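Remarks on the overall topology
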Amino acid sequence: MRSFQIDRDMKTMTGVFYPTGWIVLMFPGEAQARDAARKVCGAGIAERHVMLMTPEDFRREIAGTEGDEGVLPSAGTEGDTVRKMAELFAQGHHGLMVHAPSQEDSDRAMEALRDTPMSFGQKYRKLVIEDLVE
């Protein structure tokens, strides 16, 4: 698992967090997120494609990127998604980002986590954010 770091291509042109090709998952605590990372890597996802996201990482790298401050209204739900994540991080939840650009990668990761308690899960596709956890 690599250290958390947002690349430029993980945000829209207006600076909103939108990591296309990544799954963003959240867990009630750090231990659950680390356990999930081990499961995902054990299922064949390379460690370099898995990042733990702490509440501090979120505040430093993502908070404030809701996209509401711009002049033009957003047509998407990116801002709502970041606000939901902010609520969970404020409660002490930890995140896990998994680079899973293909459907096969997404399926492999989610199958490995099928019995893992997740509080949030979304896959960022090119034009849509797919809910993975209900």
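Since this is a predicted model, take the numbers as computed values, not measurements.

**Considering the confidence of the model for the protein chain**
- For the protein chain, the average pLDDT comes to 86, and 88% of its residues sit at 70 or higher.
- Note on residues 66–75: pLDDT under 50 across the span, and 7 contacts to partners over four residues away in sequence or across chains.

**Observations concerning the sheet that holds strand β5 (residues 129–131)**
- Pairing within the open sheet is antiparallel, and its 5 strands lie in the order β2-β3-β1-β4-β5. Where the open sheet ends on each side, the last strands, each with one partner, are β2 (50–53) and β5. If you compare each strand with its neighbour and ignore which way they point, the axes differ by 20° on average.
- In this structure, strand β4 (residues 120–124) lies alongside β5, joined through 3 bridges in antiparallel fashion. Bridge pairing in β5 places Q122 opposite D131.
- Here helix α1 (residues 30–42) sits on the sheet in contact with β1 (22–27), β2 and β3 (94–99), set at roughly 15° to β3.

**Quick look at the environment of R2**
- Turning to its location among the elements, R2 is positioned in the segment before β1.
- Side-chain polar atoms of R2 contact the backbone oxygen of R48, separated by 3.1 Å.

**Some remarks on the nonpolar core**
- Among the nonpolar cores identified, the biggest contains 20 residues, and F17, V24, M53, I62, M85 and M97 are the most heavily contacted of them.
- If you list the elements that add at least two residues to this core, you get β1, β2, α3 (78–90) and β4.
- Per-element accounting of this core gives the leading share, 4 residues, to α3.
- With sequence-adjacent residues up to four places away left out, M53 is seen in contact with F4, V24, F58, I62, M85, F89, H94, G95, L96 and M97.

**Details of the pattern of salt bridges**
- All told, the structure shown has 11 salt bridges when counted by the stated rule.
- Between R38 and D35 there is a salt bridge, with the nearest N and O atoms lying 4.0 Å from each other. Here R38 pairs with D35, and both are found in helix α1, just 3 residues apart, close to one helical turn.
- For R38, a relative accessible area of 54% gives the class exposed.

**Considering helix α4 (residues 103–112)**
- The complete set of buried residues in α4 reads D105, S106, A109 and M110. Take α4 and look down its axis: the buried residues cluster within an arc of 120°, on one side only.
- In the core, the buried residues of α4 are packed alongside β1, α1, β3 and β4.

Reading guide: rules and limits
Residues numbered from 1 in each chain as written. Predicted model: local features only at pLDDT ≥ 70, side-chain atom pairs only at ≥ 80, totals over all residues. Heavy atoms only, no water. pLDDT = per-residue confidence, 0-100. Contact = heavy atoms within 4.5 Å. Pairing = 2+ DSSP bridges. Helix = DSSP H or I, 4+ residues; strand = E, 2+ residues; numbered from the N terminus. Axes fitted to C-alpha atoms, helices over the stretch in contact; angles between N-to-C directions. Polar contact = N/O pair within 3.5 Å; in protein donor to acceptor, adjacent residues only side chain to side chain. Core = buried A, V, L, I, M, F, W, Y, C linked by side-chain atoms within 4.5 Å. Buried < 20%, exposed > 50% of the residue type's maximum accessible area, 1.4 Å probe, protein only. Salt bridge = Lys/Arg side-chain N within 4 Å of Asp/Glu carboxyl O. Arc of directions from axis to C-beta.

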